[in-house]
Amino acid sequence: MSDPKIRLRGVSKQFGPKVVLSGLDLDVPERESLVVIGGSGTGKSVMLKCILGLIHAEAGSIQVDGEETRDVRGRRRTKLMRKFGMLFQGGALFDSLRVWENVAFGLIQGEHMKRRDAKGVALEKLAAVGLGEAVAELSPAELSGGMQKRVALARAIATEPEIIFFDEPTTGLDPIMSDVINDLIVQCVRDLGATALSITHDLASARKIADRIAMIHQGRIIWSGPVAEIDDSGNPYVDQFINGRAEGPIHMEVRRP
Amino acid sequence: MNPVALVGRIFLAFLQAVGRLIMFAGDGLSHCIRPPLYPRLILRQMLDIGYYSLPVVGLTATFTGMVLALQSYTGFQRFNAESAVATIVVVSITRELGPVLTGLMVAGRVGAAIAAEIGTMRVTEQIDALTTLSTHPMKYLVAPRLIAGILMLPLLVLTADIIGVMGGYLVGTHKLGFNPGVYLHNSWQYLETLDVVSGLVKAAVFGFVITLMGCYHGYHSKGGAQGVGGATTNAVVSASILILISNYFVTEMFFSR
Ligand SMILES: Nc1ncnc2c1ncn2[C@@H]1O[C@H](COP(=O)(O)OP(=O)(O)OP(=O)(O)O)[C@@H](O)[C@H]1O
Ligand SMILES: [Mg+2]
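Just so it is clear, the model here is predicted, and its values are computed rather than measured.

K.L.:
Would you mind going over the overall build of chain A with me for this structure?
P.N.:
Of regular secondary structure, chain A possesses 9 helices and 10 strands. Along the first, second and third principal axes, the C-alpha set of chain A runs to 55 × 40 × 40 Å. Scored against the burial criterion, the 257 residues of chain A give a buried share of 53%. Counting only contacts in chain A whose residues sit at least 6 apart along the sequence, the fraction spanning at least 24 positions is 61%.

See the structure below:
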């Protein structure tokens, strides 16, 4: 097997005394779609931001295409960023720009495309996430939560990057639109040959978009395998998670009256 | 805790903050002179900082000039030196009150707005999103504001100088009974180029200080709406204090010889 597109080894990150990632290992093979599942607050978003270099991991190795990137900064980081597209969990749309300008941002600023051409591409991508031309002229504040998410998704894939991160792409969407988005993600991987790393709590979506699934718990990947094996992983943590049971090895820190 | 250790710790934290600010300023300035620049964004900031500040600055200058004429008249009347009123008004406005009052007003208006805007972008991950779209936030957000501040404040102050002198002229001729021709003549005659130039240099420094503090506090804000509120307050307070401090040093630089 060829080298993985992204290889994480022993990645650690803590905020003050709070340890979030503690020696996390993960491989994302090229042109595959990996989905990471795990409880809320287990560090999934932090892991993505560490790979992107938005948060500096204290220890470990983060390789992209075989190149060590944990300490890359400045111009080389900007160049490296061209490989990535990211859908933020909260959308993170630029509220000073119109919807289409948001989607076209990477094309205009990163790839120096003409505004006119970029608008064409942006409208195309917006159509792919089910948003029409009327929406393109609005400002993000005028959209519903689910519409914002779709715009953010369109922005993440607009430059057709090699590696795309989706942080909860379907939360806040209705089941039908979720499925449209799932198809879109699958299409990015199949047709554009992208490598996708997604985070989701939605197991239906995970089963649909994943080639492989990995589960994160207490700052580590505790199980990973092909999507077909998720139901008989033999791992009690995974079983508890996919069946959504409150009883099991994973303890939610809630106090019962 | 040991009080000596506490003082030491506070002092170290202070030095650290100063160091961080200086690094930030250097980084921001270096992005101002390295291409690519964003003319579109610079123009927009120039409008925001310059043009839209005109009403506030104009009102401030008018009343300052008016009050100055009135006050210096009552003062100088005591030793029969009323003829100095025109000169006093023009010199105090161009050297001191024009730049300082304009600086303080703009610090309240623009510094707060910058800190709030950039701070909101920080806490909603828009700044992270910029980075993932291969755009350097220092270049895209900070540099245009610094450039606009440094260029527009001198223009604003020049306007304030003219309006302020006109305010003094109005009071002088209508209320204090000066002959219009004589008043204007006195204004001109004793005015030196250095009076105006030193005021404009101050203005450029203040423009830098205001935009820098807005950007710096916004950029480093954290923790949601409350964090952004804190950043806004800090930006205005620190800009105002730095304006008053730097005002002294620029004055000394010009007039100590
Ligand atoms: N900037 C930060 N400063 C301090 N702590 C942070 C910061 N970012 C994240 N954390 C902490 O790291 C932990 C993991 O956060 P993260 O956002 O990665 O969770 P997550 O797995 O994405 O959860 P969810 O599924 O709810 O989005 C949380 O406990 C959070 O409190
Ligand atoms: Mg998350």
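K.L.:
Please clarify how the environment of Lys119 of chain A should be interpreted in this entry.
P.N.:
Residue and element names in this part refer to chain A. Following the sequence through the fold, Lys119 ends up in helix H4 (residues 115-128). The spatial distance from the C-alpha of Lys119 to the C-alpha of Ala104 is 6.2 Å, given a sequence separation of 15 residues. With residues near it in sequence (within four places) discarded, Lys119 still touches Trp100 and Glu137.

K.L.:
What's the story with the coordination of the magnesium ion (ligand 2) in this structure? I'm lost.
P.N.:
Tetrahedral coordination by four donors places them ideally at 109.5 degrees to one another around the metal; octahedral coordination by six donors ideally gives 90 or 180 degrees. All names here are of chain A. Donor atoms from the polypeptide that bind the magnesium ion (ligand 2) are Ser45 (OG) and Gln89 (OE1), placed at 1.9 to 2.2 Å. Note that Ser45 is positioned in helix H1 (residues 44-52) and Gln89 in the loop between strand E6 (84-87) and helix H3 (99-110), a separation of 44 residues in sequence. With relative accessibility at 38%, the residue Gln89 sits in the partly exposed group.

K.L.:
What is the right way to look at the pairing of strand E3 (residues 33-38) of chain A in this model?
P.N.:
For a regular strand, side-chain orientation follows a simple rule: the groups alternate between the two sheet faces. Residue and element names in this part refer to chain A. Most of E3 is tucked away: 6 of the 6 residues are buried. Burial along E3 is two-sided: Ser33, Val35 and Ile37 and Leu34, Val36 and Gly38, pointing in opposite directions, are all buried. Here E3 pairs with strand E8 (residues 195-199) via 4 bridges, running parallel. Across the sheet, the residue bridging to Leu34 is Leu197, located in E8.

K.L.:
Just checking my understanding: could you explain the interface of chain A and chain B for this structure?
P.N.:
Many structure descriptions define interface size as the accessible area lost when the parts assemble. Listed per partner, the contact involves 23 residues of chain A and 18 residues of chain B. Where chain A abuts chain B, roughly 1800 Å² becomes buried across the two surfaces, and 57% of that area is made up of carbon and sulfur atoms. By the criterion of area lost to chain B, the three top residues of chain A are Phe94, Phe105 and Gln109 of chain A, representing 24% of everything that side buries. Inspection of the region where chain A meets chain B yields 1 salt bridge. Residue Glu125 of chain B pairs with Lys49 of chain A through a salt bridge whose shortest N-O separation is 2.4 Å. The interface formed by chain A and chain B includes 3 residue pairs in polar contact (both at pLDDT 80 or more). Among the elements of the structure, H1, helix H2 (74-81), E6 and H3 of chain A are those that each provide at least two residues to the side of chain A that touches chain B.

K.L.:
When you look at the state of the cysteines in this model, what are you seeing that I'm missing?
P.N.:
Cysteine pairs can be linked by a disulfide, which is a covalent bond between their two sulfur atoms. Residues and elements named next belong to chain B. Counting across every chain of the model gives 0 disulfides over all chains. Among the cysteines around Cys32, which has no disulfide bond, Cys215 carries the closest sulfur, lying 9.2 Å off. Residue Cys32 is classed as buried on the basis of its relative accessible area of 13%.

K.L.:
Teacher, can you tell me more about the site of ligand 1 here?
P.N.:
All names here are of chain A. Ligand 1 sits among 13 residues. The nearest are Ser40, Gly41, Lys44, Ser45 and Gln89. Within the side chain of His201, an N or O atom sits 2.9 Å from an oxygen atom of ligand 1. Among the elements of the structure, strand E2 (18-28) and H1 are those that each provide at least two residues to the shell around ligand 1. The dominant element in the shell around ligand 1, judged by the number of residues it contributes, is H1, at 3 residues. Looking at the shell around ligand 1 residue by residue, the class counts come to 3 nonpolar, 7 polar and 3 charged.

K.L.:
Would you mind showing me how to read the pattern of salt bridges here?
P.N.:
Opposite charge on two side chains allows them to pair when their charged atoms are near. Residue and element names in this part refer to chain A. With the rule as written, the count across this model stands at 21 salt bridges over all chains. Salt-bridge contacts for Lys13 lead to Glu58; the nearest nitrogen and oxygen are separated by 3.4 Å. With a gap of 45 residues between them, Lys13 in strand E1 (residues 6-15) and Glu58 in the loop between H1 and strand E4 (59-64) connect regions that are remote in the sequence. In this structure, Glu67 and Arg76 form a salt bridge, with 2.7 Å as the shortest nitrogen-oxygen distance. Judged by relative accessible area, which is 32%, Glu67 ranks as partly exposed. By relative accessible area, Arg76 is classed as exposed at 51%.

K.L.:
Would you mind going over the sheet that holds strand E5 (residues 67-68) of chain A with me for this structure?
P.N.:
Strand pairing in a sheet relies on backbone hydrogen bonds, with the paired strands running either antiparallel or parallel. As summarised here, the arrangement of the 4 strands in space is E2-E1-E4-E5 (chain A), forming an open sheet in which the pairing is antiparallel. One side of each edge strand has no neighbouring strand; the edge strands of this open sheet are E2 and E5 of chain A.

K.L.:
Please clarify how the sheet that holds strand E9 (residues 212-217) of chain A should be interpreted in this entry.
P.N.:
Residue and element names in this part refer to chain A. The strand order across the open sheet formed by 6 strands is E6-E7-E8-E3-E9-E10, and the pairing between neighbours is mixed. This sheet does not close on itself; its edge strands, each paired only once, are E6 and strand E10 (220-226). With direction set aside, neighbouring strand axes in the sheet form an average angle of 15 degrees. Here strand E7 (residues 163-167) pairs with E8 via 5 bridges, running parallel. Pairing of Phe165 across the sheet is with Leu197, part of E8. On top of the sheet, helix H6 (residues 145-157) reaches E6 and E7; it is set at about 175 degrees to E6, its chief contact.

Calculation criteria
- Residues numbered from 1 in each chain as written.
- Chains lettered and ligands numbered in written order.
- Predicted model: local features only at pLDDT ≥ 70, side-chain atom pairs only at ≥ 80, totals over all residues.
- Heavy atoms only, no water.
- Helix = DSSP H or I, 4+ residues; strand = E, 2+ residues; numbered from the N terminus.
- Buried < 20%, exposed > 50% of the residue type's maximum accessible area, 1.4 Å probe, protein only.
- Contact = heavy atoms within 4.5 Å.
- Donors = N, O, S within 2.8 Å, 3.2 Å for Na, K, Ca; no water.
- Pairing = 2+ DSSP bridges.
- Buried area = accessible area lost by both parts, 1.4 Å probe.
- Salt bridge = Lys/Arg side-chain N within 4 Å of Asp/Glu carboxyl O.
- Polar contact = N/O pair within 3.5 Å; in protein donor to acceptor, adjacent residues only side chain to side chain.
- Disulfide = S-S within 2.5 Å.
- Near = heavy atom within 4 Å.
- Nonpolar A, V, L, I, M, F, W, Y, C, P; charged D, E, K, R; others polar.
- Axes fitted to C-alpha atoms, helices over the stretch in contact; angles between N-to-C directions.

It is worth stressing that arrangement in space is one thing and function is another; only the former is reported here.
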